[in-house]
Amino acid sequence: MTEIDYVKIFKALSDEMRLKILQEIAKHEEICVCKLMEQFAIAQSKLSYHLKLLLEANLIKIKPQGKWNFYSINSSLLTEVFSQKAIKFFQHE
């Protein structure tokens, strides 16, 4: 992982709403965007923006199905970010 990857990840994690969205997605194996819209009292455009940043940081995965998108957590990335490998990356800077 590069420094730019870490910047994207920590920027995405630095927002309270994105953390809440990530937590909600983590509660489910997969969750439909329609359920996320029901869960959070924000405009659809705002939710899309937050999901876009989480996707760009590779923290979540998307699976289109019909007219809906389903989201899931990228567990392997989260495990890597919060692992010894990440700590070593920062120690070598």
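Remember, it's a predicted structure, so these values are computed and weren't measured experimentally.

(A) Representation of the packing of aromatic side chains. Per the counting criterion, the structure on display carries one aromatic pair. Measuring from ring centre to ring centre gives 6.3 Å for Tyr 6 and Phe 10, while their planes differ by 15 degrees; the resulting arrangement is stacked. Placement of both Tyr 6 and Phe 10 in helix H1 (residues 3–13) is noted, with a separation of four residues, approximately one turn of the helix. Relative accessible area serves as the criterion here: at 37%, Phe 10 is assigned to the partly exposed category.

(B) Structural view of the side chain of Ser 72. Tracing the sequence through the fold places Ser 72 in strand S3 (residues 68–73). Once residues within four sequence positions are removed from consideration, Ser 72 is found in contact with Ile 25, Glu 29, Glu 30, Ile 60 and Lys 61.

(C) Local environment of the nonpolar core. Counting residues in each nonpolar core, the largest one holds 20 residues, and the members touching the most others are Ile 25, Leu 36, Leu 51, Leu 59, Ile 60 and Tyr 71. Listed by contribution, the elements that provide at least two residues to this core are H1, helix H2 (16–26), helix H3 (33–39), helix H4 (44–56), S3 and helix H5 (75–81). In contact with Tyr 71, other than residues within four places in its own chain, are Ile 25, Glu 29, Glu 30, Ile 31, Val 33, Leu 36, Leu 51, Leu 55, Ile 60, Lys 61 and Ile 62.

(D) Examining the pairing of strand S2 (residues 60–65) more closely. Relative to S3, S2 runs antiparallel, the two being bridged by six bridges. Bridge pairing links Lys 63 to Phe 70 in S3. Where S2 folds back on S3, the antiparallel hairpin that results is connected by two residues, among which Gly 66 adopts a positive phi of roughly 65 degrees.

(E) Structural context of the side chain of Arg 18. Tracing the backbone shows Arg 18 in helix H2. One buried charged side chain, Arg 18, makes no salt bridge at all; its nearest oppositely charged neighbour is Asp 15, positioned 4.1 Å away. Separated by 3.0 Å, the side chain of Arg 18 and the backbone oxygen of Ala 12 make a polar contact. Apart from the residues lying within four places of it in its own chain, the contact partners of Arg 18 are Lys 11, Ala 12, Tyr 49, His 50, Leu 53 and Leu 54.

(F) Fine view of the sheet that holds strand S1 (residues 31–32). Overall, antiparallel pairing links the three strands, which are arranged S1-S3-S2 in an open sheet. Each end of this open sheet is capped by a strand with a single partner; those strands are S1 and S2. Here S1 pairs with S3 via two bridges, running antiparallel. Counted as the bridge partner of Cys 32 is Phe 70 from S3. The sheet strands contacting H2 are S1, S2 and S3, and the helix crosses S3 at an angle near 90 degrees. Packed on one face of the sheet, H4 meets S2 and S3 and runs near 120 degrees to S2.

Analysis parameters
Residues numbered from 1 in each chain as written. Predicted model: local features only at pLDDT ≥ 70, side-chain atom pairs only at ≥ 80, totals over all residues. Heavy atoms only, no water. Phe/Tyr/Trp six-rings, centres within 6.5 Å; stacked < 30°, edge-to-face > 60°. Helix = DSSP H or I, 4+ residues; strand = E, 2+ residues; numbered from the N terminus. Buried < 20%, exposed > 50% of the residue type's maximum accessible area, 1.4 Å probe, protein only. Contact = heavy atoms within 4.5 Å. Core = buried A, V, L, I, M, F, W, Y, C linked by side-chain atoms within 4.5 Å. Pairing = 2+ DSSP bridges. Lys, Arg positive; Asp, Glu negative; His and termini not counted. Salt bridge = Lys/Arg side-chain N within 4 Å of Asp/Glu carboxyl O. Polar contact = N/O pair within 3.5 Å; in protein donor to acceptor, adjacent residues only side chain to side chain. Axes fitted to C-alpha atoms, helices over the stretch in contact; angles between N-to-C directions.

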